[in-house]
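For reference, the chains in residue letters:
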Amino acid sequence: MRATVPMVVVVQSSLSDGYRRRVVVPLVLRSALPSGAKVAGTRMNPVFKIKGQMLVPHPLDMVSVACDQLGASVGSLADQGQAIADVLDEVLTRSWG
């Protein structure tokens with residue numbers, strides 16, 4: 001799985017930093033998506049370039065992970081905060097229509 005999901009992005013509020021778990025969304029290699037899939041590049045699945053890799057969030061696999069199971073931070077998507085919020089909005093708010 002790590003071959004196609006090399007990273008995750010923490011999406012929980014910093015208000016919960018005192019807890020020992022983090023809510024994360026997997027970042028899937030764009031190249032691992034089915035060819036011709038119209039998923040990458042949408043509001044729900046924007047494409048981010050991190051460490052030379054093109055990565056697509058897979059919010060339907062969002063999960064809570066113990067902090068000691070996460071690796072070291074490799075960067076920040078803070079400048080993409082609205083795009084991350086849009087991903088979650090598509091899953092949670094827009095799910096009813």
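Owing to the predicted nature of the structure, the values given are computational and were not obtained by experimental measurement.

A. Spotlight on the overall build of the chain. A tally of helices and strands in the chain yields 1 helix and 5 strands. C-alpha extents for the chain along the principal axes are approximately 40 × 35 × 25 Å. Long-range contacts, defined as pairs at least 24 residues apart, comprise 60% of the intrachain contacts of the chain with a sequence gap of at least 6. When the accessible surface of the chain is totalled, it reaches about 6500 Å², and 54% of it is carbon and sulfur.

B. Expanded view of the environment of Y19. Relative to the helices and strands, Y19 resides in the loop between β1 (7–10) and β2 (21–29). When the C-alpha positions of Y19 and A66 are compared, they lie 9.2 Å apart, and in sequence the two are 47 residues distant.

C. The arrangement of the pattern of salt bridges in detail. Within the structure shown, the criterion is met by 3 salt bridges. Two residues, R43 and D86, come together in a salt bridge whose shortest N-O distance is 3.1 Å. Taken together, the residues R43 in the loop between β2 and β3 (48–50) and D86 in helix α1 (residues 81–92) connect sequence positions 43 residues apart. With relative accessibility at 36%, the residue R43 sits in the partly exposed group.

D. The arrangement of the nonpolar core in detail. Judged by nonpolar contacts, the single largest core of 13 residues is most densely connected at V9, L27, F48, I50 and L77. Only β1, β2, β3 and α1 provide two or more residues apiece to this core. Filtering out sequence-adjacent residues up to four positions away, L77 remains in contact with V9, L27, F48, I50 and I84.

E. Structural context of the pairing of strand β4 (residues 53–57). Where β2 meets β4, 3 bridges bridge the pair, whose relative direction is antiparallel. Across the sheet, V28 pairs through a bridge with V56, a residue of β4. Bridging between β3 and β4 involves 3 bridges; their strand directions are antiparallel. When the bridges of β4 are listed, I50 appears paired with Q53. Between β3 and β4, which follow one another and run antiparallel, lie 2 residues, and K51 among them has a positive phi close to 50°.

F. Representation of α1 within the structure. Taking 1.5 Å per residue as the helical rise, α1 with its 12 residues ought to reach 16 Å, and the 16 Å between its terminal C-alpha atoms agrees with that figure. Turning to α1, its buried residues number three or more, namely A83, I84, D86, V87, L88, D89 and V91. Those residues of α1 that are buried lie in contact with β1, β2, β3 and β4.

What counts as what
Residues numbered from 1 in each chain as written. Predicted model: local features only at pLDDT ≥ 70, side-chain atom pairs only at ≥ 80, totals over all residues. Heavy atoms only, no water. Helix = DSSP H or I, 4+ residues; strand = E, 2+ residues; numbered from the N terminus. Contact = heavy atoms within 4.5 Å. Areas by Shrake-Rupley, 256 points an atom, 1.4 Å probe, with all protein chains shown as cover. Salt bridge = Lys/Arg side-chain N within 4 Å of Asp/Glu carboxyl O. Buried < 20%, exposed > 50% of the residue type's maximum accessible area, 1.4 Å probe, protein only. Core = buried A, V, L, I, M, F, W, Y, C linked by side-chain atoms within 4.5 Å. Pairing = 2+ DSSP bridges. Expected span 1.5 Å × (residues − 1).

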